[in-house]
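# Topology and contacts: notes
Given next are the chains, with one letter for each unit.
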Amino acid sequence: MLKKTLVARALTLAFGVGVVSFAYTPDVMAQSNATATIYGVVKAGSATSVVLRNLETGLTRTANVDATGRFQATALPAGKYSADLMNGTAKVRSVQLDALAGQGTEAVFAEVQSVEVSARRTRIDVSSSTNGATFTAKELAKLPVATNVDAIIQLAPNTTRADSRYAGGASFGGGGASENAYYVNGFPVTNPLTQLGASELPFGAIGQAQVLTGGFGAEFGRSIGGVVNITTKSGTNNWEAGVSTSITPNALRSKPLDIYYEKTGAAVNSGTDGILYIRREDNTSTEKTLGAYVGGPIIQDKLFMFVAAEQIKTDRGLVTRTTAADPAATGKWGWGDMADTTQRYLAKFDWNLTDDHRLELTLLGDESKSDQKLYGYDYKTRAIGSTLNSSEHYTNVPNVTPGGANVQIFKYTGNITNDLTVTAMYGQSKAKHANTFDGYDVYDLKNTVPQIQYASPSASPCNLGLACTNNQALDGTILAKGAEDTVKSFRFDVEYKLGQHTLRAGLDDNKLSSTNAGDITAGGTLWRYFKTSTPNTPISLPGKKVAVASGGGFGVNGYYVRQQIFNTATNAYSDQSAQYIEDRYQITKDLLITAGLRNEQFNNKNGDNQTFLEMKNQIAPRLAAAWDVNGDASMKVFGSLGRYHLQIPTHLAVRGASRSTYTRQAFTYTGVDKNGAPTGLTPLTDAFSSNNEYGQAKDVNVVSALNMKPTYQDEITLGFERAYSPSLNFGAKATYRILRATIDDLCDQRPFDAWATRNKVNTDNWGGFGCASFNPGEDNDFMVDFSGTGKNYTKVHLRADELGFEKAARTYTALDLFVEHPYRNGWYGKVAYTWSRSKGNTEGQTKSDNAQTDVAATSTWDTPELMQYANGLLPNDRTHSLKAYGFYDLTPEWTVGANFLAASGRPKNCFGNHPTIDPNYDYGSVYFYCNGKPAPRGTNGNLPWDIRLDMNLAYKPQQIKGLAFKVDVFNFLNKQTIQTIEETYNSGNDVNPTYGRVISYTAPRSVKLSVEYNHKF
């Protein structure tokens, strides 16, 4: 006893000095991540069973008490329960408790309890060693948070927002935004194409949200970041209904900050330094939401329903063109009126066939549309044109609308005996994506109008006295016609209790398809105009270095133009499967050991349904321990050690294994035509593709290295949690994560040329090396078709040093401290502090440096030069993070809430030209060089601290039960903090005029006015 107490106190002192933090609630992995567990221990021989009754649905379960006095019931629907302790047929004692999905709730029958289960939810779950946070619907309703899943994620420790240019996702524990898994009622709703973000449901239909940031058991996989586990509301024996509406009016919204060119100090940028880049203070936005729900018994105690629907409609007006844009284009499309609509629904049906057998049907819908009308805008007068010049329509298009899908989930839960439980689930989702444009067939590439862009105002041909025109309203890329993502998923789990062992096993199988994935350059071609201040000096152009003046025309004055063609439309597929086994062994009454083993497999297929990348036997051991130090759930010491794997989304096939075109070619010119395209062209370079993407078919035998390791990460955690008093919980946790291997693509032919020379292999008929997935920093084997026959392949072994890369590295080290005031005396609060370091030479599957969306095929590892000086603080590093939230019931009618964040800024970089790069492998201004000198990652300072305070006030008049009025003020202090900046230093040989300029700020202060009415019949 003395030794145990000393160890516990030592851990408390080691972690607890200066505790100022927030309660990450460790969550048990129940038999299914969408169900609950109730457990407990009584005096041996004092009882024979515990009868659990769901007070909302009448479902009853009996858990036997074993010889040591322990009992446990798993696979329970979340909800309120009564627990009757029975000795034979005699009731000994009763308690009531709330059971939450995905975690354990202890039923305590002692006459004198340190924690009254009937009064509040037990915060110390001694049955688990996982890390994260759990939020119930009641808690979310009282906090000032935006009504989306990303806002819930940011409440948890070890999380930060992803790069603002990504369409979705968040960073968990230093991971990339694509490295997380999202579930709704046990079904995977992660975006299958890119793994960035997920489908959502009406916010008011969320029953509970778990944000798991580490230490999760063998049941979970396909994530080296975190897991978001949403459990929906369900119907009960009581009919209830409600409606809600809100408005976030533009009149109560602060003006967004304008964005200016940074002062670069370069003479060539004297005309742009410090001037307005894009006006934002004229932008407007009004958001309106309308929601309703109804739930109750179709058959009392047997069949239940819950149906909810929500519509979010946002009317926006904004300046769409920068001051660098062609004035003629701004005069046509410089202002946009946007009508954005998101519609979501949930229909949940629960059928208790008996108390031991249950069926569930979940239907989800999530669709977002944006209708955009473009008018002219005058920067000088701020006048908005009256003529409609373009009308565009988008449905579920990344970076234009939120993404979503229609989902159907069917699930069976069977308690075969008191010791044997099984669950089976099948579901499917389908997401359709579309962009259409009134009066314009954007897919008629023979009659399209090209895009026109200017690198800076000084690059415009207007400066040459030429007529500047731009007749293409679209900018960037568009989706392929008929784009659609589909997921089909099956899962089976079984649990058996054998003495002090709870044995669990399961398997799952997912089929993913992305039809017509990829993007196409809007207008077929992009012409981008440049100007260099050194026309007689060779500069880096696509595929070579050349003096612009050598092309004649306006090149003698430094003017040139670059044509870009991009088309990656294709189909893509992926099959994913996994199996796991786990033993939860209660070694003593106070010590629980959980040991598990998970095995995952996946294969990715190209547009011709040919497998080009396959991973088998991804073995992931997991080990965890939870120690109930005092034997009364007042203090827990816990830890975990595990390996986690990550699959690759369908998008890899888009450019990695299917036909794709991405070429750039530089010209000088002597004029422009009626659409703004250059005329009198003289090529400075050939059409060049740095990744050998010329539209040709790709051979699946050569686009992936042989016998690769999967992307995987090891993690260790150690912490403690203490219920010090009914009014205070506190604790700490340390986390260390290390990336062991990753998969990305290599696009460097030089090692293969050298191998062929050493081995005297004839390459006359070889079409050359494009790109291939490989393990960076490892020895790799490739198949190469030197003969050009498509049949006779040569195995090429290249050592890591021959490829020229150091080992892929990413570590995350964190210390979390927390303090929590459970709801008592009318108020509730949590505060969390996290110190962390995210370091290495790779962010992971994503690349926030330029927000590249080619997940697991970024330019990070294309050539060795790109990785020189790449080691340092990674984009998702936030050294210090303080999160706090809570609410205070001032009276039975009035409640005030707050949500606060203070996080240190993102590390800054400077990406410039490489001083000695081979022109054939020159990617431009993307290297860790600044002004010709090395600029190691993360050594250019940090962005400002991100400080946000959200507050709300709610009023529930006692005269009208169920009626509530609420005011939410987001970004109360109106601190519009810089989130992302332009880090590209060079434009040709000159300093990029937009280097250092702001890309995004946090949203300005806004006020949301809400009213809702809920009625229980």
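Remember, it's a predicted structure, so these values are computed and weren't measured experimentally.

With respect to the helices, strands and loops of the structure, Thr834 is situated in strand 50 (residues 827–840). Overall, Thr834 belongs to the buried group, its relative accessible area being 6%. When the C-alpha atoms of Thr834 and Asn707 are compared, they prove to be 39 Å apart, with 127 residues separating the residues in sequence. Beyond its immediate stretch of four places on either side in the chain, Thr834 contacts Pro157, Asn158, Tyr812, Ala814, Leu815, Asp816, Thr879, His880 and Ser881.

Below, the discussion takes up the nonpolar core. Most often, soluble globular proteins keep nonpolar side chains buried together rather than apart. Within the largest apolar cluster, 41 residues are counted, with the highest numbers of intra-cluster contacts made by Phe135, Ile152, Ile153, Leu201 and Ile206. Excluding anything up to four places from it in sequence, Ile152 contacts Phe135, Leu140, Phe203, Ile206, Ala209 and Val211. Met708, Ile743, Leu798 and Ala870 belong to the second largest nonpolar core, which has 38 residues in total.

A separate point is the sheet that holds strand 3 (residues 60–64). Across a sheet, strands are paired by hydrogen bonds formed along the backbone, either parallel or antiparallel in direction. One open sheet holds the four strands; their spatial order is 3-2-5-6, and the pairing between them is antiparallel. With one partner strand each, in any of the chains shown, strand 3 and strand 6 (90–99) form the two edges of the open sheet. Within the sheet, the average angular offset between the axes of one strand and its neighbour, ignoring direction, is 20°. Pairing of strand 5 (residues 79–87) with strand 6 involves nine bridges; the strand directions are antiparallel. When the bridges of strand 6 are listed, Asp84 appears paired with Ser94.

The subject of this paragraph is the environment of Leu652. If you trace the backbone, Leu652 turns up in helix 5 (residues 652–656). Classification of Leu652 as buried rests on a relative accessible area of 3%. For the pair Leu652 and Asn604, spaced 48 residues apart in the sequence, the C-alpha separation amounts to 8.0 Å. With residues near it in sequence (within four places) discarded, Leu652 still touches Phe612, Leu613, Ala657, Ser773, Val855, Ala856 and Ala857.

Cut-off values and rules
- Residues numbered from 1 in each chain as written.
- Predicted model: local features only at pLDDT ≥ 70, side-chain atom pairs only at ≥ 80, totals over all residues.
- Heavy atoms only, no water.
- Helix = DSSP H or I, 4+ residues; strand = E, 2+ residues; numbered from the N terminus.
- Buried < 20%, exposed > 50% of the residue type's maximum accessible area, 1.4 Å probe, protein only.
- Contact = heavy atoms within 4.5 Å.
- Core = buried A, V, L, I, M, F, W, Y, C linked by side-chain atoms within 4.5 Å.
- Pairing = 2+ DSSP bridges.
- Axes fitted to C-alpha atoms, helices over the stretch in contact; angles between N-to-C directions.

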